[in-house]
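What follows is each chain in one-letter form.
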Amino acid sequence: MSQESEPSETLAYTRILETEIESALREFERPTSGLALSGLSAGLNVSFGALFMAMALTFMGPSQSGFLRQLILANASAIGFVLVVLGQTELFTAHTTMGILPLLDGRGSVRQLGRLWVIVYGSNLVGCAAFAVLMATVGPAMGIVEPAAVGTLAANLVPFPPRTILLSGVIAGWLMGMVTWLISAARNTVAQFLFVWLITAGIGFGPFHHCLLGSTEVLAALLLDQGVTIGEYAYFLGWTTLGNVLGGSVFVALLNYGQAVRGGEPKDVDVDAHQE
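As named in an unreviewed UniProt entry, the chain is Formate/nitrite transporter family protein, taken from Haloarcula limicola. In UniProt, the chain has this text filed under Subcellular location (unreviewed entry): "Membrane".

The structure is reproduced here in C-alpha cells:
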C-alpha cells in the first residue's frame, strides 16, 4: 500500500465516526415524544420479521432440510430490520453502538445516553408487545400462523442457560452495531439495503438472541399458550438485552472508535484542506 493512499483511507474511517457521532448527538436533542413515537414504530416494524418467520414455518411444513429452513427464516427475519433501518426509526440495539460514541469522544453525557436508551428501549418493547398481540390474534384466525410455529421460534430462544443467552446476545448486538457503522459508510441506498439484509439475516440464521425481535416471538408464544411463562420471558429479555448492549458497545463502538482515533490521523483533520 502506498503512503498516498493511507491518509484518504484513514480520513474515510474518521468520517464514518464523525457521521455516527453527529447522528447520536441529534438523537440526544430530540424531544421525548419524537423519540418515543420513533421507537414505537421501530418495535412494530422489526416485528414483521417474527411474523414472516412464523408464516414461513407454517407454510413450509416439516419436510425442509435444516439448512434450507434456517436460510428461509434468516431472510424472513431480515425484512423487519430492513423496514427499521431504511425507514430511519429508532431501534435500541442500534443505539447501543451509536449512543456510546459521543461519550467516548467527550461530547455527550451519561445522563443523555441513559435518557435515550430508556425512551427507545421502552417504546421498542411496547411496539413489540402490541405486534405480538396482533400476530397472535390475526395469524391463527387467518390460518397463516400456526401456534406451534410460534412455539418453535420461542423454543429456539428461551431454554438456554444464562451464559449461552448472554453470549448469543453479544453476537447479535455486535452484528447490529456493524449495521449502523456500515450504513454510515454506504454511498447509496442499494448498498445500505445489502448491508442491512446480509448482516441481519445472520441474526435470524443463528438464530442469535435479539432482545426486540425475540420479544415479539416469545410474547406471541406466551399469548398462544405455547409453554412460555412470564418469568421465562423476563429471563430471556434480561440476559439478551445485556448481551446486546455488550456486543454493540464493546465490540463495535469501543473498538471502532479506537481504530478511528488512533489510526494515524487526528479526528479533527480538515478533509478538504488535506485533499487540496
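From this point on, the discussion continues.
Low-pLDDT portions of the prediction should not be read for the details of their coordinates. The predicted model of the chain averages 88 in pLDDT, with 90% of residues at 70 or higher. Least confident of the elements in the chain is helix α13 (residues 271-275), whose mean pLDDT is 40; most confident is helix α11 (residues 213-223), at 98. Taken together, the stretch residues 1-11 has pLDDT below 50 and engages in nine contacts with residues farther than four places along the chain or on a different chain. Contacts from residues 264-276, a stretch scored under 50 in pLDDT, to residues over four places away or in other chains number 14 contacts.

This part is about empty space enclosed by the protein. In this structure the tally under the stated criterion is one cavity of 30 Å³ or more. Within this model, the largest cavity holds a volume of roughly 120 Å³. Considering the residues around the largest cavity, the lining is formed by 14 residues, among which M53, L157, G204, P207 and E217 are closest to the centre. Elements represented by at least two residues in the lining of the largest cavity include exactly α4 (66-86), α10 (189-205) and α11. For the lining of the largest cavity, the element with the highest residue contribution is α11, accounting for three residues. Residue classes in the lining of the largest cavity are distributed as eight nonpolar, five polar and one charged.

Okay, unusual backbone geometry next. With an omega dihedral of -10 degrees, the bond running from G206 to P207 counts as a cis peptide bond. Inspection of the secondary structure puts P207 in the loop between α10 and α11. Within the chain, Q88 stands out as a residue other than glycine whose phi angle is a positive 60 degrees. Within the secondary structure, Q88 is located in the loop between α4 and α5 (92-98). Residue classification places Q88 among the exposed residues on the basis of a relative accessible area of 66%. Even without glycine at this site, D225 takes up a positive phi of about 55 degrees. Among the structural elements, D225 can be located in the loop between α11 and α12 (230-261).

The next subject is the packing of aromatic side chains. According to the stated counting rule, one finds eight aromatic pairs in the structure shown. A centroid spacing of 4.7 Å and a plane angle of 55 degrees characterise the contact between F92 and Y121, whose relative ring orientation is tilted. Taken together, the residues span a long stretch of sequence, with F92 in helix α5 and Y121 in helix α7 (residues 110-142) at a distance of 29 residues. The burial state of F92 is the same as that of Y121; both residues are buried. With a centroid separation of 6.5 Å and 35 degrees between ring planes, the pair formed by Y233 and F236 is classed as tilted. Of the two residues, Y233 and F236 both sit in helix α12, three residues apart, roughly one turn of that helix. Ring pairs connect the aromatic residues F48, F52 and F131, which therefore count as one cluster.

The rules behind the values
- Residues numbered from 1 in each chain as written.
- Predicted model: local features only at pLDDT ≥ 70, side-chain atom pairs only at ≥ 80, totals over all residues.
- Heavy atoms only, no water.
- UniProt positions renumbered as here; feature names shortened; annotations may be inferred.
- pLDDT = per-residue confidence, 0-100.
- Helix = DSSP H or I, 4+ residues; strand = E, 2+ residues; numbered from the N terminus.
- Contact = heavy atoms within 4.5 Å.
- 1 Å grid on protein atoms, 1.4 Å probe; cavity = no way out; pocket = protein on both sides within 12 Å on 5 of 7 lines; lining within 4 Å.
- Points joined across faces, edges and corners; volume = space filled by probe spheres on them.
- Nonpolar A, V, L, I, M, F, W, Y, C, P; charged D, E, K, R; others polar.
- Buried < 20%, exposed > 50% of the residue type's maximum accessible area, 1.4 Å probe, protein only.
- Phe/Tyr/Trp six-rings, centres within 6.5 Å; stacked < 30°, edge-to-face > 60°.

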